[in-house]
There are 2 protein chains.
Amino acid sequence: MTNDSKNKWIGFDLGGTKMLSTLYDSDFEVLGRRRKKTKGHEGQKAGLERIAQTIRETLEDAGINTSELSGIGIGCPGPLDLDEGILLDAHNLGWYDVPLKKFLEKEFDCPAIIANDVDLGVYGESRFGAGVDARCVIGIFPGTGIGGGCVYEGNIFRGTKSSCMEIGHIQVMPNGPRCACGQKGCLEAVASRMAISSAAAQAAYRGQAPYLKEHGGTDLSEIRSGVLAKSVNNGDTVVEEIIKQASQQIGVAVSSLINLMAPDIIILGGGLVEAMPELIKGTVAKTAQKNILSSYEGTYKIKVAELGDDAAVLGAGAWAEYNFK
Amino acid sequence: MTNDSKNKWIGFDLGGTKMLSTLYDSDFEVLGRRRKKTKGHEGQKAGLERIAQTIRETLEDAGINTSELSGIGIGCPGPLDLDEGILLDAHNLGWYDVPLKKFLEKEFDCPAIIANDVDLGVYGESRFGAGVDARCVIGIFPGTGIGGGCVYEGNIFRGTKSSCMEIGHIQVMPNGPRCACGQKGCLEAVASRMAISSAAAQAAYRGQAPYLKEHGGTDLSEIRSGVLAKSVNNGDTVVEEIIKQASQQIGVAVSSLINLMAPDIIILGGGLVEAMPELIKGTVAKTAQKNILSSYEGTYKIKVAELGDDAAVLGAGAWAEYNFK
């Protein structure tokens, strides 16, 4: 139990390219905010110092003393040791076995907790966004891969040491396309933004998606959510079909998730969903509805995320509050 | 909080053909036990009276007064309203909207709780069997269908009103064989004992499984776990192959469950598994191991259930204790 006069929380989102730090008061109003490039290549010692520096500047921004801080929540990519607070393997950053919790607790003399960044995004939505008041919230975020998370009865659903809810690696197509994880037919191999962009690039190359060909080309790394949405809106029906098919695959996975975990709310989020919320949500919902056991009809809602990029950092601050208040 | 001198619990398993009642003391030693046919066709009013009578006889057996009873846990098939304690739809029995909890609480003047029978089997294993001391236990029971349940941090994992963990209805084969639920390609449509018996009957008919043909015939309702095991042991390699394939499908579903829920222990149970524990467990484990994300390697164990038919009734008694002690 912290002193009530403190009750100020840092939410931190450690991403592959940027880090974002926000200071919240007890009502989760923003008191200060800082963003820096992560610069993983500078190594993990420099990285830890950079994280600390970003938090210090956030406090300075708000005119708050370190001693007034109640706790820090930090969202991280990759496998984690949740209890020890160790970032085990962030290969994007080239960082391994980083004792984040210990470092931050020493540096700021307050409790710190780490969690998977996607889990914290779902936690943020469950506290302040599309999942408020639900008993069980599942979040699905199609991007380069497909991230997932679950908040069950107020807590992040987790493994013994690690996070879980790897929704992108539900097998949906036996002997399907190879996934980044090495398996075949994982959901993210057929329905991530990357899988969609790849199929759309082929359509553009074959001349079946003239708008996309002209405005996005055939380079995967250029075919992002915005141009995909514009391509659909400008009559590239093949691209629309590709996105529908991917959404159907997500819908089948959602139906398995409903049959398994009976969530109240399923939240779809990320840039792709934000660019085409109705098309994707509508298709996912229709497919899920068709595939669930009849006894789960009417027991859930499928919604679009409401907090955008803020979900994870807000979730991180709120998760610290939940654990340390 | 009950009086410590009481601390006696009824576990009750309401099955489609039989009901089983057991009285436990605080160490879950058996004090009394009764079994009766369910006789669902006699209607639900008679059914409730029969349940009460079975419990009364169990108490008499043990020489225990109704006033000494601390609580009743009862495992039921079909969709339930867990909080209200209503058996919503037991079509096997022809019973609908049966207010079990209310009836038992009035009849025995002690708290009662209902739960899905498979969930209680997993709960029993988690308290006294193959899942003791695990943080997250998932149970899978291939039979006529494929039942599933999960105990997460000491509690049965559940939906808002209903049970969940319908592992048999994970979709494993797009456009696969039709399932009893109306969908296609559900796990239980390809890997239940029923699916296995059906494929084995075809092999027998075609003359590819001579032992089975002679000792089991080609009638599905005669091809049960025992004769399938004997057929394998007596050289029907096609039948062995059928069971391996089904176990591989279960293994793929298990790998999705590990990627999603990161259980410590996965328990395989039921008559089919008991008849061929090594063949089924070995194949499931090998397939799961091949299909999980590498970060989950070594984080789980796959085990065979230890409590047999007693799991659900023991789980029912222990679940009452957990909720009411």
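Keep in mind that this is a model prediction, so the values were computed, not measured.

About the thresholds
- Residues numbered from 1 in each chain as written.
- Chains lettered and ligands numbered in written order.
- Predicted model: local features only at pLDDT ≥ 70, side-chain atom pairs only at ≥ 80, totals over all residues.
- Heavy atoms only, no water.
- Pairing = 2+ DSSP bridges.
- Helix = DSSP H or I, 4+ residues; strand = E, 2+ residues; numbered from the N terminus.
- Contact = heavy atoms within 4.5 Å.
- Axes fitted to C-alpha atoms, helices over the stretch in contact; angles between N-to-C directions.
- Buried area = accessible area lost by both parts, 1.4 Å probe.
- Salt bridge = Lys/Arg side-chain N within 4 Å of Asp/Glu carboxyl O.
- Polar contact = N/O pair within 3.5 Å; in protein donor to acceptor, adjacent residues only side chain to side chain.
- Nonpolar A, V, L, I, M, F, W, Y, C, P; charged D, E, K, R; others polar.
- Domains from an automatic or database assignment.
- Least-squares fit on C-alpha atoms with pLDDT ≥ 70 in both.

Either a parallel or an antiparallel arrangement is found when strands of a sheet pair, and the pairing is made through backbone hydrogen bonds. All names here are of chain A. In space, the five strands of this open sheet follow the order β11-β10-β9-β12-β13, with mixed pairing throughout. A strand with exactly one partner marks an edge of an open sheet, and here the two such strands are β11 (155-156) and β13 (301-304). Where strand β9 (residues 136-142) and strand β10 (residues 146-152) come together, seven bridges link them in antiparallel fashion. Across the sheet, the residue bridging to Ile138 is Cys150, located in β10. Packing against the sheet, helix α3 (residues 117-128) makes contact with β9, β10, β11 and β12 (265-268), and its axis sits at approximately 50° to β10.

With that out of the way, let us pick up the interface of chain B and chain A. Taken together, the contacts link 35 residues of chain B with 35 residues of chain A. Together chain B and chain A conceal approximately 2,900 Å² of surface at their shared face, both sides included; 56% is due to carbon and sulfur atoms. Per-residue buried area on chain B facing chain A is highest for Phe157(B), Gln171(B) and Leu260(B); these three make up 21% of the total on that side. Put simply, chain B and chain A have zero salt bridges between them. Our count for the chain B to chain A interface comes out at 24 residue pairs in polar contact (both at pLDDT 80 or more). Going through the elements one at a time, α8 (237-261) and α10 (277-291) of chain B are the ones with two or more residues in the side of chain B that touches chain A. Here the side of chain B that touches chain A is composed, by residue class, of 19 nonpolar, eleven polar and five charged.

All names here are of chain A. Once the domains are mapped, chain A shows domain 1 (9-116 + 310-324) and domain 2 (130-304). For domain 1 versus domain 2, the separation of C-alpha centres amounts to 28 Å. Domain 1 puts eight residues into the contact, and the matching count from domain 2 is eight residues. Roughly 710 Å² is buried in total at the junction of domain 1 and domain 2, and carbon and sulfur atoms are behind 49% of that figure. On the domain 1 side of the contact with domain 2, Leu82, Trp319 and Tyr322 bury the most area, a combined 54% of that side's loss. Counting across the interface, domain 1 meets domain 2 through two salt bridges. A salt bridge links Asp81 to Lys161, with the nearest nitrogen and oxygen atoms 3.7 Å apart. Taken together, the connections running from domain 1 to domain 2 amount to three residue pairs in polar contact (both at pLDDT 80 or more). Among the secondary structure elements, those contributing two or more residues to the side of domain 1 that touches domain 2 are β5 (80-81), β8 (112-116) and α11 (310-324).

What follows concerns the relation of the copies chain B and chain A. Each copy of the sequence occupies a distinct position, and chain B is placed on chain A by a rotation of 180° and an axial shift of 0.0 Å, giving an RMSD of 0.0 Å. Such a turn and shift between the copies fits a two-fold axis.

This next bit is on the pattern of salt bridges. On inspection of all chains with the given rule, the structure shows 22 salt bridges over all chains. The partner of Arg158(B) in a salt bridge is Asp83(B), with the nearest N and O atoms 3.2 Å apart. Pair noted here: Arg158(B) is in the loop between β11 (155-156) and α4 (187-191) and Asp83(B) is in the loop between β5 (80-81) and β6 (86-90), with a separation of 75 residues, a long-range link. Among the charged side chains, a network of salt bridges with common partners joins Arg34(A), Lys36(A), Glu57(A) and Asp61(A).

Moving on, we come to the environment of Val284(B). Residue and element names in this part refer to chain B. In this structure, Val284 sits in helix α10. The spacing of Val284 and Thr38 is 246 residues in sequence and 34 Å in space, taken between C-alpha atoms. Apart from residues no more than four positions distant in its own chain, Val284 is found in contact with Ser247, Ile250, Gly251, Val254, Leu268 and Ile302.

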